[in-house]
Amino acid sequence: MTSSLVAVMGRGVVGDEPVITPDDLGFSRGDGCFDSARVLTDEQGARVVNLDEHLDRLASSAAALDIDIPARERWVELVDQALSAWSTPGEAVMKFVLTRGREWEPQAGPLALLTLREKPVLTPRPTPAGQVPRALHAVTLTTGHPSDAFRDAPWLLGGVKTLSYVTNVAAAREAKRRGADDAIMVTTDGYALEGPTSGLVVVSDGVMRTAPTGDTGILASVTVDEVMRGAAADGMETRVELVPVADLFTADGVFLVSSGRGPCPIVELDGRPLPVDAELAARVARAAGF
Ligand code: PLP
């Protein structure tokens, strides 16, 4: 059974052959975009969860970068090729990558590929409410900018899932250095936005909130949408508005959510315990299909 696989547009599933050239602008400049989706494999086979939403977001990212993305049918064909070569049961992550292509041979056009990788199992954190799936400790880290930093500045590529994710990765590394599992990014004017690789939802007094995309530069999260829709269908009030950092410490539930990892309840923030509502965590997880 394979634990990883690569498929390249126009070539299909490749083995160990080279895929990236040294002059690829995605490699040398981070000039490209990507997206990540959850893959589930059972007796019925392997499937990508919310494939349309992830391909839509990849297309939006490509449009923001002015990269000519291959047609949707070609991505779907590549996905089918990868899934039919995949039999590892359980959870995996499919990553779609699109780069501007070769600097020295621009006529070759963009490079489009996908990778499929088995998902590592998280070690659960013990909590006062017992074993709560995917519970995490987090720290707040500054974005270094105010909550409207991306207004009227499309070249800053706020909300675009570019390949230049190095600051997101550095934030996650800093969180680990501080003894936590992940970070919540906060603005210089005091609002909580999202995680380095996750959306953020906050539940207080029966209201679920998430911060708006747009001026904030937040990525439109497929999982946040699912969780907010599920909460609304359950009769909970939902609001898209800026959430003050102070509210995280008084909330009934704070969740970092993503397609790959699912909704993760934050049970400790900046060294302070947060309340753990196992029933709320289970509802949020169900809404996201976890
Ligand atoms: N925000 C950022 C910055 C991300 O990198 C991700 C994950 O890809 C998310 C949010 C969550 O997005 P999704 O729920 O679509 O996986």
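In the annotation of an unreviewed UniProt entry, the entry for the protein reads Aminodeoxychorismate lyase, and the organism field reads Luteococcus peritonei. The UniProt entry for the protein carries the following text under Sequence similarities (unreviewed entry): "Belongs to the class-IV pyridoxal-phosphate-dependent aminotransferase family."

1. Regarding the site of the ligand
Every one of the 18 residues lining the ligand counts as a neighbour, but K161, Y165, S221, T223 and S259 are closest to it. Taking E194, its side chain carries an N or O atom lying 3.0 Å from a nitrogen atom of the ligand. T223 is positioned with one of its side-chain polar atoms (N or O) 2.5 Å from an oxygen atom of the ligand. Across the complex, the protein chains shield 96% of the 390 Å² of accessible surface that the ligand would expose by itself. Secondary structure elements with two or more residues in the shell around the ligand: α2 (51–65), α5 (222–233) and β16 (253–258). Within the shell around the ligand, the residues separate by chemical class into 5 nonpolar, 10 polar and 3 charged.

2. Quick word on the packing of α2 against helix α3 (residues 72–84)
Closest axis-to-axis distance for the α2/α3 pair is 11 Å, and the angle between their directions is 130°. One finds that α2 runs oblique with respect to α3. Crossing of α2 against α3: the hand is right-handed. Contacts from L51, D52, L55, D56 and L58 in α2 reach R72, W75, V76 and V79 in α3. Here the residues of the contact of α2 with α3 are counted per class, giving 6 nonpolar, no polar and 3 charged.

3. Remarks on the sheet that holds strand β1 (residues 4–8)
Read from one edge to the other, the open sheet built from 6 strands follows the order β2-β1-β6-β5-β3-β4, with strand pairing classed as antiparallel. Where the open sheet ends on each side, the last strands, each with one partner, are β2 (12–14) and β4 (45–48). Taking each pair of neighbouring strands and ignoring which way they run, the sheet shows an average axis angle of 30°. Note: strand β5 (residues 90–99) against strand β6 (residues 111–118), 8 bridges, orientation antiparallel. Along β6, the bridge assignment pairs V97 with L113. Strands β3 (32–42), β4 and β5 of the sheet are contacted by α2, whose axis makes an angle of about 170° with β3. Packing of α3 onto the sheet brings it into contact with β1, β2, β3, β4, β5 and β6, and relative to β6 it is tilted by some 30°.

4. Here's the deal with the nonpolar core
Most often, soluble globular proteins keep nonpolar side chains buried together rather than apart. Counting residues in hydrophobic clusters, the biggest one holds 27 residues, and the most contacted among them are V48, W75, V79, M94, F96, L114 and L116. Within the residue set of this core, elements represented by two or more residues are β1, β3, α2, α3, β5 and β6. Discounting chain neighbours no more than four positions away, the residues touching M94 are D35, S36, A37, V39, V48, V79, A82, L83, L114, T115 and L116.

5. Here we look at helix α4 (residues 166–177)
With 12 residues, α4 ought to run about 16 Å at 1.5 Å a step, and its terminal C-alpha atoms sit 16 Å apart, in line with that. Buried residues of α4: N168, A171, A172 and A175, and no others. What you see down the axis of α4 is that its buried residues fit within an arc of 95°, all on one side. Seen from the buried face of α4, the exposed residues on the opposite side, beyond 90 degrees, are V166, T167, R173, K176 and R177. Along its buried surface, α4 packs onto β9 (136–142) and β10 (182–186). In the stretch just after α4, G179 is the one whose phi turns positive, near 90°.

The rules behind these values
- Each chain carries its own residue numbering, running from 1 in the direction its sequence is written.
- Owing to the predicted nature of the model, reporting of local features is limited to residues with pLDDT of at least 70; listing and counting of side-chain atom pairs is limited to 80 or more, with chain, interface and lining totals taken over all residues.
- Excluding hydrogens and water, the side-chain figures rest on all heavy atoms present in the structure.
- UniProt positions are given in the numbering used here, feature names are shortened, and annotations may be inferred rather than shown by experiment.
- Near, as used in this document, describes a residue that has one of its heavy atoms within 4 Å of the molecule or strand being considered.
- For the purposes of these results, a polar contact is taken to be a pair of N or O atoms within 3.5 Å, where, inside protein, one atom must be able to donate a hydrogen and its partner to accept one; residues adjacent in sequence count only when each atom of the pair is a side-chain atom.
- Areas reported as accessible are Shrake-Rupley estimates using a 1.4 Å probe. Residue values count occlusion only from the protein chains shown.
- What counts as a helix is a DSSP run of H or I of at least four residues, what counts as a strand is a run of E of at least two, and both are numbered from the N terminus.
- Each residue is assigned to one class: nonpolar for Ala, Val, Leu, Ile, Met, Phe, Trp, Tyr, Cys and Pro, charged for Asp, Glu, Lys and Arg, and polar for all the others, Gly among them.
- The axes are straight lines fitted to the C-alpha atoms, using for helices just the contacting stretch, and the angles between their N-to-C directions are given from 0 to 180°.
- These descriptions rest on fixed angle ranges, namely under 35 degrees for roughly parallel, over 145 for roughly antiparallel, 65 to 115 for roughly perpendicular, and the rest for oblique.
- Handedness of a crossing is defined here by the sense of rotation of the near helix relative to the far one, left-handed for an anticlockwise turn of less than a right angle and right-handed for a clockwise turn.
- In what follows, a contact means two residues having at least one pair of non-hydrogen atoms within 4.5 Å.
- Strand pairing follows a simple DSSP-based rule, namely that at least 2 bridges must link the two strands.
- The term nonpolar core refers to a set of buried residues drawn from Ala, Val, Leu, Ile, Met, Phe, Trp, Tyr and Cys, joined through side-chain atoms within 4.5 Å.
- A 1.4 Å probe rolled over the protein chains alone gives each residue an accessible area, and that area as a share of the maximum for its type sets the label: buried under 20%, exposed over 50%, partly exposed in between.
- Here, expected helix span is obtained from the residue count minus one, scaled by 1.5 Å.
- It is the directions from the helix axis to the C-beta atoms whose arc is reported.

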